Protein chains: 2
Amino acid sequence: MKVYIIGLGLIGGSLALDIQKMYNDVMIFGIDSNANHLEEALELGLIHQKATISGIEDADLVILAVPVDVALLLLPEILDVVSEKTLVLDVGSTKNPICEIVAKHRNRNNFLATHPIAGTEFSGPQAAVTNLFEGKTIIVCEIEKTAYKKQEVAFDFFRNLNMRIRYMEPKSHDKHIAYVSHLSHISSFMLGKTVIEKEKDEKDIFDMAGSGFESTVRLAKSSPSMWTPIFKQNKKQIIKSLEEYISNLSTFKSLMEADDYEAIFNEMKNTNRIKEILK
Amino acid sequence: MKVYIIGLGLIGGSLALDIQKMYNDVMIFGIDSNANHLEEALELGLIHQKATISGIEDADLVILAVPVDVALLLLPEILDVVSEKTLVLDVGSTKNPICEIVAKHRNRNNFLATHPIAGTEFSGPQAAVTNLFEGKTIIVCEIEKTAYKKQEVAFDFFRNLNMRIRYMEPKSHDKHIAYVSHLSHISSFMLGKTVIEKEKDEKDIFDMAGSGFESTVRLAKSSPSMWTPIFKQNKKQIIKSLEEYISNLSTFKSLMEADDYEAIFNEMKNTNRIKEILK
């Protein structure tokens, strides 16, 4: 089995590790525009061999794990050269733009649009870990546009990763993920910014990190190169979610200003429901 | 050694467990206005015996671990009845109001104002865990107002807990903690609210929780009874931090609206500094 992984960061690298455990006779070819990352991926044993896109006509499985703006450029090129047997998966955090860009491609049915809901705040080949996807959800979009045989390859792959599959329309995915993932990242980045600006003496932040700050600001360690194109592609939904978030924060501030602590108590009490939802 | 713990929630209960490990001949007396919690603390083995405030004249150590509004009522009562040998510690998340309320008390030098920077999002006696304070920071305020012999008892206690001590003025503590702890809680509560309001179908939240939402929203599980009085007591500093946070979020939204993705990249890149700060 020949697997090509394009983009050897956290997701691509972690998939490479799991794939090596899953299949006995697998050969993993790596592609990355960053020569250092590619070399690192080889040294870390994530991939067996460096490769280029021209070589993938021979692939059984191609995984596109690059920033979402680069994915829009590469996917049509990849579909141009794939053979009949090849399944191409992307794993990006936006789904509507990539589904639109290949909607009319003659090899559209070689492609499956996915978004594994798994990750950490770290990036690059060094961030790759085994079992990152174990028990997690993978969102699958436009399943009906992928050829039946390739669907089977994909389902087999997800089953081996032990992932739960959920089907969504691309636009619906982008709307939900704006709230649950993209907004979380912005709230975390801006919280980090607010505290850094205030705390000129960094020692104070460090010592006070145990107080809940560390977990709320964890996502502010994420890669700007990965997140900027996501924000760009999901602009409309993200602005809407940001508006609602800012409005809720402003209401909370007004309640504080009005000394309405009963209402503040109730705001928190109602939101405690998150305990049951996330259980 | 006789230890009285008033308030047998997460902090009081966890201290009770550590104290039992620390001292051989210790007797822990528990006080809690919630009769169920008191009974639970006894059943869980957090305390050896139920007690009332009138009994504490005999105590070596009194730990006041109640909501910060209740602490303002109880601390003067406690100092009224302590004997010469008794050290009284509070552990609240605001320090200026409690220091002010006992500033002129005749037994002020029996008291030490502290804030251990440790916790989880859970509450009640069931939330108590051992080693919660291991390696964490404890903020100590107005050390010079505590009698020297009681300072020694306190330092011995913190050393046994393996905590690092930092000294701060009460007002300075309340200003810093507004940013690093209180604001984090509000950002998390309002993020939870925004997403719950949007996602009527709770299944969507659940499945997408792996995407970073779970850690940013963790603090929204916290107890409203504990947090409402903290927000009330630190109102001025919290409103200021909220204003700065809302302003940063609004700027981010404006950059999105203006398609200024270079500036958005830089906002994130600059905030990535949090990686080094929290290391």
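Parameters and conventions
Residues numbered from 1 in each chain as written. Chains lettered and ligands numbered in written order. Predicted model: local features only at pLDDT ≥ 70, side-chain atom pairs only at ≥ 80, totals over all residues. Helix = DSSP H or I, 4+ residues; strand = E, 2+ residues; numbered from the N terminus. Buried ≥ 20, exposed ≤ 12 C-beta atoms within 10 Å, placed from the backbone. Contact = placed C-beta atoms within 7 Å. Pairing = 2+ DSSP bridges. Nonpolar A, V, L, I, M, F, W, Y, C, P; charged D, E, K, R; others polar. Domains from an automatic or database assignment. Axes fitted to C-alpha atoms, helices over the stretch in contact; angles between N-to-C directions. Least-squares fit on C-alpha atoms with pLDDT ≥ 70 in both. Parallel < 35°, antiparallel > 145°, perpendicular 65-115°, else oblique. Left-handed = near helix turned anticlockwise from the far one by under 90°. Expected span 1.5 Å × (residues − 1). Bend = angle between axes of the 7 residues up to and from the residue. Core = buried A, V, L, I, M, F, W, Y, C linked by C-beta atoms within 7 Å. Right-handed = clockwise from strand over helix to strand, strands pointing away.

A word on the overall build of chain A. Of regular secondary structure, chain A possesses 12 helices and eight strands. Its C-alpha atoms give chain A principal-axis dimensions of roughly 70 × 40 × 30 Å. When each of the 279 residues of chain A is scored for burial, the buried share is 49%. By sequence separation, contacts in chain A at least 24 residues apart represent 73% of the contacts at least 6 residues apart.

Glancing now at the pairing of strand β7 (residues 137-141) of chain A. Residues and elements named next belong to chain A. In terms of burial, β7 is largely enclosed, as five of its five residues are buried. Side chains of β7 alternate between two faces, with Thr137, Ile139 and Cys141 and Ile138 and Val140 buried alike. Judged from the four bridges that link them, strand β6 (residues 111-116) and β7 form a sheet pairing that is antiparallel. Of the residues in β7, the one forming a bridge with His115 is Ile139. Two strands pair when backbone bridges link them, and β7 and strand β8 (residues 164-168) are joined in this way by five bridges, in the parallel orientation. Looking across to β8, one finds that Thr137 is bridged to Arg164.

The accessible area lost on association of the parts is a frequent measure of interface size. Between chain B and chain A, the residue contacts involve 78 residues of the former and 78 residues of the latter. Put simply, the parts of the chain that give the side of chain B that touches chain A at least two residues each are α6 (170-198), α7 (202-208), α8 (213-216), α9 (224-233), α10 (235-257), α11 (261-271) and α12 (274-278) of chain B. With 20 residues, α6 of chain B is the single largest residue contributor to the side of chain B that touches chain A. Its residues assigned to classes, the side of chain B that touches chain A shows 38 nonpolar, 20 polar and 20 charged.

Okay, the domain arrangement of chain A next. According to the domain assignment, chain A consists of domain 1 (2-168) and domain 2 (173-278). Taken together, the contact pairs 14 residues of domain 1 of chain A with 15 residues of domain 2 of chain A.

We now examine unusual backbone geometry. What you tend to see is this: most non-glycine residues have negative phi, and most peptide bonds are trans. Unlike most non-glycine residues, Asn131 of chain A shows phi in positive territory, near 60°. Of note, Asn131 of chain A is situated in the loop between β6 and β7.

Moving on to the sheet that holds strand β4 (residues 61-64) of chain A. Residues and elements named next belong to chain A. Strand order in the open sheet made by the eight strands is β3-β2-β1-β4-β5-β6-β7-β8, with mixed pairing throughout. Since the sheet does not close on itself, it has two edges, and those belong to β3 (49-50) and β8, each with one partner. Where strand β2 (residues 27-31) meets β3, two bridges bridge the pair, whose relative direction is parallel. Its bridge partner lying in β3, Gly30 is registered against Lys50.

With that out of the way, let us pick up the environment of Asn131 of chain A. A residue is classified by how many C-beta atoms lie within 10 Å of it, and Asn131 of chain A, with 14 of them, is partly exposed. Remark: the alpha-carbon pair of Asn131 of chain A and Ile186 of chain A, spanning 55 residues in sequence, is separated by 27 Å.

Residues and elements named next belong to chain B. Taken together, the eight strands give an open sheet; going across it, the order is β3-β2-β1-β4-β5-β6-β7-β8, and neighbouring strands pair in mixed fashion. Each edge of the sheet is formed by a strand with only one pairing partner; in this case those strands are β3 (49-50) and β8 (164-168). Packed on one face of the sheet, α6 meets β6 (111-116), β7 (137-141) and β8 and runs near 140° to β7.

With that settled, the discussion passes to the relation of the copies chain B and chain A. When chain B is fitted onto chain A, the two copies agree to an RMSD of 0.0 Å after a turn of 180° and an axial shift of 0.0 Å. In symmetry terms, the pair is related by a two-fold rotation axis. Within chain B, Thr216 of chain B has its C-alpha nearest the rotation axis, a separation of 2.1 Å. Both copies share a contact surface, since 100% of the interface residues of chain B are interface residues in chain A too.

Okay, the packing of helix α11 (residues 261-271) of chain A against α9 of chain B next. For the pair α11 of chain A and α9 of chain B, the least separation of the axes is 9 Å and the interaxial angle reads 140°. Classified by the angle between their axes, α11 of chain A and α9 of chain B sit oblique to one another. Of the two elements, α11 of chain A crosses α9 of chain B, and the hand of that crossing is right-handed. Across from Tyr261, Ile264, Phe265, Met268 and Lys269 of chain A in α11 of chain A, the residues of α9 of chain B making contact are Pro224, Trp227, Thr228, Phe231 and Lys232 of chain B. Broken down by class, the residue content of the contact of α11 of chain A with α9 of chain B amounts to seven nonpolar, one polar and two charged.

One can describe the packing of α11 of chain A onto α6 of chain B by two numbers: an axis separation of 9 Å at closest approach and a directional angle of 60°. When the interaxial angle is binned, α11 of chain A and α6 of chain B end up oblique. Remark: the crossing between α11 of chain A and α6 of chain B carries left-handed chirality. From α11 of chain A, Glu267, Met268 and Thr271 of chain A reach across to α6 of chain B, where they touch Phe189, Gly192, Lys193 and Ile196 of chain B. Here the contact of α11 of chain A with α6 of chain B is composed, by residue class, of three nonpolar, two polar and two charged.

Turning next to the environment of Lys149 of chain A. In this structure, Lys149 of chain A sits in helix α5 (residues 148-160). Given 12 C-beta atoms within a 10 Å radius, Lys149 of chain A is considered exposed.

The periodicity of an α-helix, 3.6 residues per turn, causes residues three or four places apart in sequence to face the same way. Compared with an ideal rise of 1.5 Å per residue, which puts 29 residues at 42 Å, helix α6 (residues 170-198) of chain A spans 40 Å between its outermost C-alpha atoms and is within 8% of the ideal. Along α6 of chain A, the sharpest change in direction is near 50° and occurs at Ala178 of chain A.

Turning next to the nonpolar core. With 162 residues, the main nonpolar core has Ile5 and Leu64 of chain A together with Ile5 and Leu64 of chain B as its most contacted residues. Not counting the four nearest positions on each side in its chain, Leu64 of chain A is found in contact with Ile6, Gly7, Ala71, Leu74, Leu75, Ile78, Val88, Leu89 and Asp90 of chain A.

A few words now on the pairing of strand β4 (residues 61-64) of chain B. Note on strand geometry: in a regular strand, side chains alternate between the two faces of the sheet. Residues and elements named next belong to chain B. Every second residue of β4 is oriented toward a common face, with Leu61 and Ile63 on one face and Val62 and Leu64 on the other, all of them buried. Pairing analysis gives four bridges linking strand β1 (residues 2-6) to β4, with the strands arranged parallel. Bridge pairing in β4 places Ile6 opposite Leu64. Here four bridges tie β4 to strand β5 (residues 87-90), and the two strands are oriented parallel to one another. Bridge assignment links Leu61 to a residue of β5, and that residue is Leu87. As a crossover connection, the stretch from β4 through helix α3 (residues 68-81) into β5 is right-handed.

On to the environment of Leu72 of chain B, then. Residue and element names in this part refer to chain B. By the element assignment, Leu72 lies in helix α3. Once the C-alpha coordinates of Leu72 and Ala154 are considered, the two residues, 82 residues apart in sequence, prove to be 21 Å apart. Not counting the four nearest positions on each side in its chain, Leu72 is found in contact with Pro97, Ile98 and Ile101.

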